[in-house]
Amino acid sequence: MAIKGVEELRAVVDTAVTEVKITDVHTHLYAPCFGDMLLWGVDELLTYHYLVAEVFRWVDMPYQDFWNMSKKEQADLIWKTLFIDNSPYSEACRGVLTVLNKLGLDTGKRDLEAYRQYFAGKTMEEYVDQVFEISGVKEAVMTNDPFDDNERKVWFESYKADPRFEAALRIDPLLNTWDQVWTRLKEWGYNVEEELNPTTLKEIRRFLSEWANRMQAVYMAVSLPPTFEVPENSSRAVIIEECVLPVCRELNIPLAMMIGVKKLINPGLILAGDSVGKGSIDTVEYLCTNYPYNKFMVTMLSRENQHELCVVVRKFRNLMVFGCWWFLNNPSIIDEMTRMRFELLGVSVIPQHSDARVLDQLIYKWAHSRRIIADVLFDKYKDLMETGWKIDKSDIRRDVEKLFGQNFWDFVNKKL
Ligand code: RAT
Ligand code: ZN
């Protein structure tokens, strides 16, 4: 039955977006078998690196003094500085409060000790169930780094698949610091040298394909600087063209490229010290043109890249745009980017990912994004209705399913 007026439209869109079960295509969460690597609870929420960057707007202590504090002391300092001495309306601060509120805690009391008590009474396993339930996420894609010794141990000794967590093979060290990591591949039994000769390239391909298979990775991923260029006479560009793309093609998995991060412009802040720069859209075009049988997922960190990225996505069926990444994951920018993407690409995008590093963040990142995406969708359907087009509830449900999960799976499974 066609929807009759804007009030009904509003209700149908809101219900569809609230109820849809999400596939979160990029997170830094881990399945429970990874143990302590899965972060959760209020102290982890408060010490999220987005908040570490914000607290140093106010405190003048040497960075190292902060890093020497215990997690609880860091959380206390952030709570006092960003929540008590100032109003916590930045997106990252607000997120903590959305989480507490949705868990049923009284944010009005500003009682950090009471929130700590709440988490102290929980086990990780039960909390994973609870967070997936409240956030409406059904699957989260992890970020899995074969160069991380803690992770390697789990993959080799104790990995236990959990249908809620999919793996993504993250290869930043291989692509961005080959001069440092080639010796590790050698230690692990790959017959490589620093020089990218034919044997080394073959062995890198073996490394990638063994790890992608071991993890059952749904894609390979890398974060890249604004200066990222292909083709180029650099180990990164050569490894991408000679190793990553052939293996992705053979396994029929996408390469996810996250372009535009300037690492450690303030090294004292560690994880919070990265910044942004405009990337080269020419490189994305080159890859999509020259590798038509490879699939690329792309997100760019600079707001200035967003329009040209949408235009290029229109040109290539082997290219999927995803998410409002990191410094773009703020309501005003999500709103703007989502409108532009829907206007240029219709339903054929992955509008958002959470990038959650702390399990609980699934709750706020998705609550906040669902609301904005619903607002934009409502406007778009309203414009359609004004043309006389009749919209059925089932049309809206179908579109919403695609936006929040199906588009990702269809792209991953697509054969070119
Ligand atoms: O958003 C973040 O948490 C960043 O620190 C990065 O992890 C980024 O998302 C990435 O995947 O490199
Ligand atoms: Zn990330």
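Above this text is the structure in question.
Report follows, based on the coordinates. (Residues numbered from 1 in each chain as written. Chains lettered and ligands numbered in written order. Predicted model: local features only at pLDDT ≥ 70, side-chain atom pairs only at ≥ 80, totals over all residues. Heavy atoms only, no water.)

### Considerations on a negative patch on the surface
- Where like charges cluster on the molecular surface, the negative patch consists of Glu229, Glu232, Asp282 and Glu285.
- Residue position: Asp282 is located in helix α14 (residues 281-290). (Patch = residues over 30% accessible without salt bridge, like charges linked within 9 Å, V, L, I, M, F, W, Y side chains within 5 Å. Areas by Shrake-Rupley, 256 points an atom, 1.4 Å probe, with all protein chains shown as cover. Salt bridge = Lys/Arg side-chain N within 4 Å of Asp/Glu carboxyl O. Lys, Arg positive; Asp, Glu negative; His and termini not counted. Charge placed at Lys NZ, Arg CZ, Asp CG, Glu CD. Helix = DSSP H or I, 4+ residues; strand = E, 2+ residues; numbered from the N terminus.)

### Some points on the packing of aromatic side chains
- Summed over the entire model, instances satisfying the criterion amount to 24 aromatic pairs.
- Ring geometry for Trp40 against Tyr127: centres 5.3 Å apart, planes inclined by 40°, an arrangement best described as tilted. Within this pair, whereas Trp40 is found in the loop between β1 (22-24) and α2 (42-46), its partner Tyr127 is found in helix α8 (residues 124-135), the two being separated by 87 residues in sequence.
- On the basis of relative accessibility, which here comes to 0%, the residue Tyr127 falls in the buried class.
- Relative to Tyr50, the ring of Tyr48 has its centre 4.2 Å away and its plane inclined at 20°; by these criteria the two rings are stacked. One exposure class covers both Tyr48 and Tyr50, and it is buried.
- The ring of Phe132 carries Arg164 above its face, with NZ or CZ at 5.4 Å from the centroid. (Phe/Tyr/Trp six-rings, centres within 6.5 Å; stacked < 30°, edge-to-face > 60°. Buried < 20%, exposed > 50% of the residue type's maximum accessible area, 1.4 Å probe, protein only. Lys NZ or Arg CZ within 6 Å of the ring centre and 35° of its normal.)

### Examining the sheet that holds strand β10 (residues 319-321)
- Read across the open sheet, the five strands follow the order β4-β5-β6-β9-β10; overall the sheet is parallel. The open sheet has two edge strands, β4 (169-170) and β10, and neither has a second partner.
- Here strand β5 (residues 220-224) pairs with strand β6 (residues 255-259) via five bridges, running parallel. Among the inter-strand pairings, Leu224 is bridged to a residue of β6, identified as Ile259.
- Here helix α15 (residues 306-315) sits on the sheet in contact with β9 (296-300) and β10, set at roughly 145° to β10. (Pairing = 2+ DSSP bridges. Contact = heavy atoms within 4.5 Å. Axes fitted to C-alpha atoms, helices over the stretch in contact; angles between N-to-C directions.)

### Let's talk about unusual backbone geometry
- Between Val230 and the following residue, Pro231, the backbone shows a cis peptide bond with an omega angle of 0°.
- Structurally, Pro231 can be placed in the loop between β5 and α13 (235-251).
- Phi angles above zero are rare outside glycine, and Arg110 is one such case at about 55°.
- Here Arg110 lies in the loop between α6 (91-102) and α7 (112-120).

### Some thoughts on the coordination of the zinc ion (ligand 2)
- Looking at the zinc ion (ligand 2), one finds its protein donor set to be His26 (NE2), His28 (NE2) and Asp355 (OD), positioned 2.0 to 2.1 Å from the metal centre.
- Every donor residue of the zinc ion (ligand 2) comes from the same chain, spaced as H-x1-H-x326-D. Taken together, the residues span a long stretch of sequence, with His28 in the loop between β1 and α2 and Asp355 in the loop between α16 (331-345) and α17 (361-385) at a distance of 327 residues. Side by side, His28 and Asp355 carry an identical accessibility label, which is buried. (Donors = N, O, S within 2.8 Å, 3.2 Å for Na, K, Ca; no water.)

### Brief notes about the environment of Asn144
- Its location among the elements puts Asn144 in the loop between β2 (137-141) and α9 (149-158).
- Judged by its relative accessible area of 0%, Asn144 is buried.
- Expressed as a C-alpha distance, the spacing of Asn144 and Gly5, which sit 139 residues apart in the sequence, is 47 Å.
- Within the structure, the side chain of Asn144 is placed 3.3 Å from the side chain of Glu151, a separation counted as a polar contact. (Polar contact = N/O pair within 3.5 Å; in protein donor to acceptor, adjacent residues only side chain to side chain.)

### Some thoughts on the site of ligand 1
- Around ligand 1 lies a shell formed by His26, His28, His49, Tyr50, Arg170, Ser223, Met258, Trp325, Trp326, Asp355 and Arg357.
- Within the side chain of Tyr50, one N or O atom sits 2.8 Å away from an oxygen atom of ligand 1.
- Interatomic distance of 2.9 Å between a side-chain N/O atom of Trp325 and an oxygen atom of ligand 1.
- When ligand 1 sits alone it has 300 Å² of accessible area, and the protein chains cover 98% of it. (Near = heavy atom within 4 Å.)

### Let's talk about the state of the cysteines
- Across all of its chains, the model carries zero disulfides by this definition.
- We note that Cys248 lacks a disulfide partner, and the nearest cysteine sulfur, in Cys243, lies 11 Å from it. (Disulfide = S-S within 2.5 Å.)

### What about the environment of Val25?
- Locating Val25 in the fold gives a position in the loop between β1 and α2.
- Given the relative accessible area of 0%, Val25 is considered buried.
- A C-alpha to C-alpha distance of 7.4 Å links Val25 and Phe408, two positions 383 residues apart in sequence.
- Not counting residues up to four positions away in its chain, the partners in contact with Val25 are Val141, Tyr219, Met297, Phe322, Ile350, His353 and Phe408.

### Topic: the pairing of β2
- Across the five residues of β2, four count as buried, placing the element largely inside the fold.
- Bridge analysis of β1 against β2 gives three bridges, and the strand direction is parallel. Across the sheet, Ile22 pairs through a bridge with Val137, a residue of β2.
- Both β2 and strand β3 (residues 165-166) contribute to a ladder of two bridges, which runs parallel. Counted as the bridge partner of Ala140 is Phe165 from β3.

### Brief notes about the packing of α15 against α16
- Running from N to C, α15 and α16 cross one another at 25°; their axes reach a closest spacing of 10 Å. Taken together, α15 and α16 sit at an angle that is classed as roughly parallel. Crossing of α15 against α16: the hand is right-handed. Where α15 abuts α16, its residues Gln306, His307, Cys310, Val313 and Arg314 lie against Met337, Met340, Arg341, Leu344 and Leu345.
- When grouped by side-chain class, the residues that make up the contact of α15 with α16 number six nonpolar, two polar and two charged. (Parallel < 35°, antiparallel > 145°, perpendicular 65-115°, else oblique. Left-handed = near helix turned anticlockwise from the far one by under 90°. Nonpolar A, V, L, I, M, F, W, Y, C, P; charged D, E, K, R; others polar.)

### Comments concerning the pattern of salt bridges
- One pass over the full model with this rule turns up 24 salt bridges.
- Of the charged contacts, one joins Asp14 and Arg10 as a salt bridge, the two residues approaching to 2.9 Å between their closest N and O atoms. Residue Asp14 and its partner Arg10 are located together in helix α1 (residues 6-19), separated by four residues, close to a single helical turn.
- What makes Asp14 partly exposed here is its relative accessible area of 28%.
- Taking the relative accessible area as the measure of exposure, Arg10 reaches 25% and is therefore partly exposed.
- We note a salt bridge from Arg10 to Asp375, for which the minimum N-O separation is 2.9 Å.

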